[in-house]
Amino acid sequence: MTIPNNLKEKYHTVCDAPSGNGFIVEHMPDLFANSTINDCSAHVHSFYEILWFQKGTGHHTVDFTDYQVKPGTIFFLSPGQIHHFDVRERYKGIAIKMCTDLLKSSSPDNLFLQYNSFHTYDSTPYYIIDEPSAQELQTLVDEMEMESQRYGEFGNTELLKSLLCIFLVKIQRLGFRETGLRLSNLKPSHQLFIQFRQLVEQEYTRMHTVQEYADRLNVALRTLSKCVGECSQRSPLTFINERIILEAKRMVKYTNMMIKEIAFELGYDDPSYFVKFFKRQTGYLPSDFRELDNVTTSFSSCASPQS
């Protein structure tokens, strides 16, 4: 997979997606030793990645938040997310890297899997699994690793997609998130929320009002507000603004782009309005945020699984 030029221009360090069938299974800590970048420094991916920490404890920073790493934690990273580790040698586990094409599908079930695993900026970017579940998932990882090495053989890509789909289904059945509602693809309101989450991810640089999203989804404003509130404990506008600000913070902190260039890329023709919006959402002017030494916060995990 070729890295989009605009991604290379935006961020300082970009990891290349796996070649061949666009799918690779690697093992920690070996993958760190073979990495061409410093995994303890902030970097961005142009591909999807699943990080399953099986041994070791520490911290994993994802998009300005420090998360505790412990055995049984499975992180889901989406293209464009900035992350880094506190150490490299301490962890043992699995990294599954896949190009974006492997997750493309018009199937409602696959769409639900993709946007309930990845792009979940309104909840923690990981699931927790127990030991019996880990044994069940490990069998699937072994199958994916073997199949990833059969590039060029008949049905290789389709089989990888199927195994990945099963893996994601199993995690959503067996694991739990420490924040956020457990979504179900059988509930119409949850399906609508997933569609909204997908649309925000696709259009947040062009569409800034709730009415625009309601129109595109062909639902009433009240229906969308009720659905998003039920599933994320946020209003649709808060959800949209938080996604815009996340990208703004990435650009301000990790690129050399001028503030007016960032404003324009995020769909704001008036840079002064964008500066006020950024200050209102973060408490900082963009220029001040760029100069901060520490821009991360710590996530305090909950004591019990979600209902």
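Residues numbered from 1 in each chain as written. Predicted model: local features only at pLDDT ≥ 70, side-chain atom pairs only at ≥ 80, totals over all residues. Heavy atoms only, no water.

Participant: Is there a simple way to think about the overall build of the protein in this case?
Facilitator: When helices and strands are counted, the protein shows 12 helices and 11 strands. The C-alpha atoms of the protein give 19 Å as radius of gyration, which agrees with the globular expectation for 307 residues (19 Å, within 12%). With the C-alpha coordinates of the protein rotated into their principal frame, the extents come out at 55 × 45 × 45 Å. For the protein, with 307 residues in total, the buried portion stands at 49%. The averaged location of the 37 negative side-chain charges in the protein is 5 Å from the averaged location of its 31 positive side-chain charges. (Helix = DSSP H or I, 4+ residues; strand = E, 2+ residues; numbered from the N terminus. Rg over C-alpha atoms; globule rule 2.2 N^0.38 Å. Buried < 20%, exposed > 50% of the residue type's maximum accessible area, 1.4 Å probe, protein only. Lys, Arg positive; Asp, Glu negative; His and termini not counted. Charge placed at Lys NZ, Arg CZ, Asp CG, Glu CD.)

Participant: Any chance you could explain helix H11 (residues 271-282) here in plain terms?
Facilitator: Given 3.6 residues per helical turn, the α-helix brings residues three or four places apart onto the same face. The terminal C-alpha atoms of H11, which comprises 12 residues, lie 16 Å apart, in line with the 16 Å expected from a rise of 1.5 Å per residue. All of the buried residues along H11 are Phe 274, Phe 277 and Phe 278. Mapping the buried residues of H11 onto a view down its axis gives an arc of 100°, with all of them on the same face. For H11, the exposed residues set more than 90 degrees away from the buried face come down to Lys 276 and Arg 280. (Expected span 1.5 Å × (residues − 1). Arc of directions from axis to C-beta.)

Participant: Explain the sheet that holds strand S4 (residues 48-55) here, please?
Facilitator: Where strands meet in a sheet, backbone hydrogen bonds hold them as pairs that are either parallel or antiparallel. In spatial order, the strands read S2-S9-S4-S7-S10; together these 5 strands make up an open sheet with antiparallel pairing. Each of the sheet's edge strands pairs with one partner strand only, and the pair in question is strand S2 (23-28) and strand S10 (126-128). Averaged over all neighbouring strand pairs, the angle between strand axes comes to 15°, with direction disregarded. Two elements, S4 and strand S9 (residues 92-98), share 7 bridges in a ladder whose sense is antiparallel. Bridging from a neighbouring strand, Trp 52 pairs with Ile 94 of S9. Each of S2, S4, strand S7 (73-77) and S9 is contacted by helix H4 (residues 131-148), which is oriented at about 125° to S2, the strand it contacts most. (Pairing = 2+ DSSP bridges. Axes fitted to C-alpha atoms, helices over the stretch in contact; angles between N-to-C directions. Contact = heavy atoms within 4.5 Å.)

Participant: Please clarify how the pairing of strand S6 (residues 65-69) should be interpreted in this entry.
Facilitator: Within a regular strand, the side chains alternate between the two sheet faces. When you tally the buried positions in S6, you get 4 out of 5 residues, the bulk of the element. Pairing analysis gives 5 bridges linking strand S5 (residues 58-62) to S6, with the strands arranged antiparallel. What sits directly across from Val 62, in S6, is Thr 65. Taking the residues between adjacent antiparallel strands as the criterion, S5 and S6 are bridged by 2 residues, where Asp 63 takes a positive phi near 50°. In this structure, S6 lies alongside strand S11 (residues 297-298), joined through 2 bridges in parallel fashion. Bridging across to S11, Asp 66 finds its partner in Ser 298.

Participant: Which parts of the structure should I look at to understand the confidence of the model for the protein?
Facilitator: Close reading of the predicted structure is inappropriate where its pLDDT is low. Summary statistics for the protein give a mean pLDDT of 89 and a share of 92% for residues scoring 70 or more. By mean pLDDT, helix H1 (residues 5-10) is the weakest element of the protein at 62, and helix H7 (residues 210-217) is the strongest at 98. In this model, residues 301-307 is a region of pLDDT below 50 whose contacts with residues beyond four sequence positions or in other chains number 14 contacts. (pLDDT = per-residue confidence, 0-100.)

Participant: Explanation requested: the nonpolar core in the structure shown.
Facilitator: Inside soluble globular proteins, nonpolar side chains tend to come together where they are buried. Within the largest apolar cluster, 39 residues are counted, with the highest numbers of intra-cluster contacts made by Phe 193, Phe 196, Tyr 213, Leu 224, Leu 266 and Phe 274. Where this core is concerned, the elements lending two or more residues are helix H3 (108-117), helix H6 (188-203), H7, helix H8 (221-232), helix H9 (236-254), helix H10 (259-265) and H11. Excluding residues within four positions of it along the chain, Leu 266 makes contact with Tyr 204, Thr 205, His 208, Ile 244, Glu 247, Ala 248, Met 251 and Phe 274. Grouped together as the second largest cluster of nonpolar side chains are 28 residues, Trp 52, Phe 118, Ile 129 and Leu 160 included. (Core = buried A, V, L, I, M, F, W, Y, C linked by side-chain atoms within 4.5 Å.)

Participant: Whenever I open this one, the side chain of Ser 78 confuses me. Can you help?
Facilitator: Along the chain, Ser 78 turns up in the loop between S7 and strand S8 (82-85). Given the relative accessible area of 1%, Ser 78 is considered buried. From its side chain, Ser 78 meets the backbone nitrogen of His 119 in a polar contact 2.9 Å long. Discounting residues that sit within four places of it in the chain, Ser 78 has contacts with Phe 47, Tyr 48, Phe 118, His 119 and Tyr 121. (Polar contact = N/O pair within 3.5 Å; in protein donor to acceptor, adjacent residues only side chain to side chain.)

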